[in-house]
Amino acid sequence: MRMEQAPTLTPDFLALLDTHAGLHFVRTLWEHFPERMFIIRVEGPEDFIIEAINPAQQTSIGIATQNLGQRIGDLLPGPIGHDVLRNYARCVEAGTPIRYEESGIFIDSDGTRQHGHWLTLLVPIKNQGGIITHLFGVAQNLTELRLAREALERQNLELERRVTERTAELLAVNERLAILATRDFLTDAYNRRHMVTLAEAELRRANRYDLPLCALMLDIDDFKGINDRCGHAAGDHVLRQVAKVIRETLRDSDLVGRYGGDEFMILIPETPLAGARESAERLRTAVQATTSCSISLGLAQRQATDESLDELLSRADAMLMLAKRNGRNRLEMAELIAPG
Ligand SMILES: Nc1nc2c(ncn2[C@@H]2O[C@H](COP(=O)(O)OP(=O)(O)OP(=O)(O)O)[C@@H](O)[C@H]2O)c(=O)[nH]1
């Protein structure tokens, strides 16, 4: 059963439309409607003739009155005309209203030609036989809206760019802060606080899995004399040189920290005493060969009875003192004390 359509006009208004006043009403609407309106006669599937344009359309595109009655293909050659024809043909083929955005040239209120954008609604008009004879179009000017949207998009992009830039800056600052908080600025070795934190974690791991772990303490020989003879800057240079030799000689997995003054602490994980001894000797030789100073070293390995890092470090430190007492530029090491 077909639903009866509710009336969309009052009887009075319907009566008015059937009179001369009704014609006047429609004409007034056509004359004063602020958006562009146009009527196209459908001559064939791709053949369309401009039948009527309202004054808003006339002002905005400047079509001369003599162009009325002309074929769209003749009036608008090139890509713009091609797009217009394609949309008209699409509407005829669909047989229903279609909406699309289009762009082109219009003349603004100052008489200047401008590039513009429209949202166009095309409505097919059928005769009593159901054949589409005309297309009724209304084109709403989106130019300002579009310009505002583009400006907003540009602003958003700019904002995103600034956020990305700022985030990268913050990341770099954070990285820098992390380096400042964990590294010694002169030698780039870990600072004492961070080195102790890392060493404690390493000792816990070694204790848990019963892994070999060695601690090496080293001190530059007669560093005070270098400072006194050559100046503090020369002393700094020697510190940097020694740190560089340590980095280049040891493995990446070895932890290197500046313990204080001219003293460095090195943790050699997963390496028994014999292997650590080789590394320490190689280091001593490399420092002597490539810098103007020598170093003394004390080596100790983790014992099962070690309860804190201090115990391991104090054995390595005692060996360092022994190396100093025994004439410097040498390595001393604490042998493993057999349990029981
Ligand atoms: N240039 C420089 N000197 C430093 C720095 N930190 C500590 N020192 C100096 O390093 C010297 C440390 O000397 P010591 O290790 O006590 O003694 P030494 O002269 O090396 O003698 P031995 O260790 O017995 O061979 C002191 O004179 C400190 O002033 C630093 O960052 N730069």
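Residues numbered from 1 in each chain as written. Predicted model: local features only at pLDDT ≥ 70, side-chain atom pairs only at ≥ 80, totals over all residues.

An unreviewed UniProt entry lists the chain under the name diguanylate cyclase, with Litchfieldella rifensis given as the organism.

## Notes on the nonpolar core
The biggest cluster of nonpolar side chains holds 41 residues, and the ones touching the most others in it are A215, L216, I266, L297, L299 and A316. Excluding residues within four positions of it along the chain, L297 makes contact with L216, L218, A280, R284, L320, A323 and L331. Ranked by size, the runner-up nonpolar core spans eleven residues in total, among them V42, F48, V84 and L135. (Core = buried A, V, L, I, M, F, W, Y, C linked by C-beta atoms within 7 Å. Buried ≥ 20, exposed ≤ 12 C-beta atoms within 10 Å, placed from the backbone. Contact = placed C-beta atoms within 7 Å.)

## A few points about the UniProt feature "coiled-coil region" (unreviewed entry) in the chain
In this structure's numbering, the residues bearing the UniProt feature "coiled-coil region" (unreviewed entry) are residues 142-169. Taken end to end, residues 142-169 is 96% helix and 0% strand, and its two terminal C-alpha atoms sit 40 Å from one another. (UniProt positions renumbered as here; feature names shortened; annotations may be inferred. Helix = DSSP H or I, 4+ residues; strand = E, 2+ residues; numbered from the N terminus.)

## Examining the packing of helix 8 (residues 223-230) against helix 9 (residues 232-249)
Running from N to C, helix 8 and helix 9 cross one another at 140°; their axes reach a closest spacing of 6 Å. Between helix 8 and helix 9, the crossing angle belongs to the class labelled oblique. Residues F223, I226, N227 and C230 of helix 8 form the contact with helix 9, whose own contacting residues are H232, A234, G235 and V238. In terms of residue class, the contact of helix 8 with helix 9 is made up of five nonpolar, three polar and no charged. (Axes fitted to C-alpha atoms, helices over the stretch in contact; angles between N-to-C directions. Parallel < 35°, antiparallel > 145°, perpendicular 65-115°, else oblique. Nonpolar A, V, L, I, M, F, W, Y, C, P; charged D, E, K, R; others polar.)

## What to know about the site of the ligand
Not every one of the 17 residues close to the ligand is listed here, only the nearest: D221, F223, K224, G235 and G261. Looking at the shell around the ligand, the elements with two or more residues in it are strand 6 (213-220), helix 8 and helix 9. Here the residues of the shell around the ligand sort into four nonpolar, five polar and eight charged. (Near = placed C-beta within 6 Å.)

## A look at the packing of helix 9 against helix 10 (residues 273-290)
Packed helix pairs are characterised by how far apart their axes lie and by the angle those axes make with each other. Two elements in contact, helix 9 and helix 10, have axes separated by 10 Å at closest approach and are oriented at 135°. Between helix 9 and helix 10, the crossing angle belongs to the class labelled oblique. For the crossing formed where helix 9 meets helix 10, the hand is right-handed. Here V242, V245, I246 and T249 of helix 9 come into contact with helix 10, specifically with R282, L283, A286, V287 and T290. Residue composition of the contact of helix 9 with helix 10, grouped by class: six nonpolar, two polar and one charged. (Left-handed = near helix turned anticlockwise from the far one by under 90°.)

## A few points about the environment of E202
Turning to its location among the elements, E202 is positioned in helix 7 (residues 192-209). With 21 C-beta atoms packed within 10 Å, E202 lands in the buried category. Between the C-alpha atom of E202 and that of L213, which follows or precedes it by eleven residues, the distance is 8.3 Å. Apart from residues no more than four positions distant in its own chain, E202 is found in contact with L213, L255, L267 and P269.

## Comments concerning the sheet that holds strand 1 (residues 36-44)
Strands sit in the order 2-1-5-4-3 across an open sheet of five strands; the sheet is antiparallel. Each edge of the open sheet carries a strand with a single partner, namely strand 2 (47-53) and strand 3 (98-107). The mean inter-strand angle of the sheet, taken between neighbouring strand axes irrespective of direction, is 35°. Across nine bridges, strand 4 (residues 113-126) lies against strand 5 (residues 132-141) in antiparallel orientation. The partner of K126 across the bridge, within strand 5, is I132. (Pairing = 2+ DSSP bridges.)

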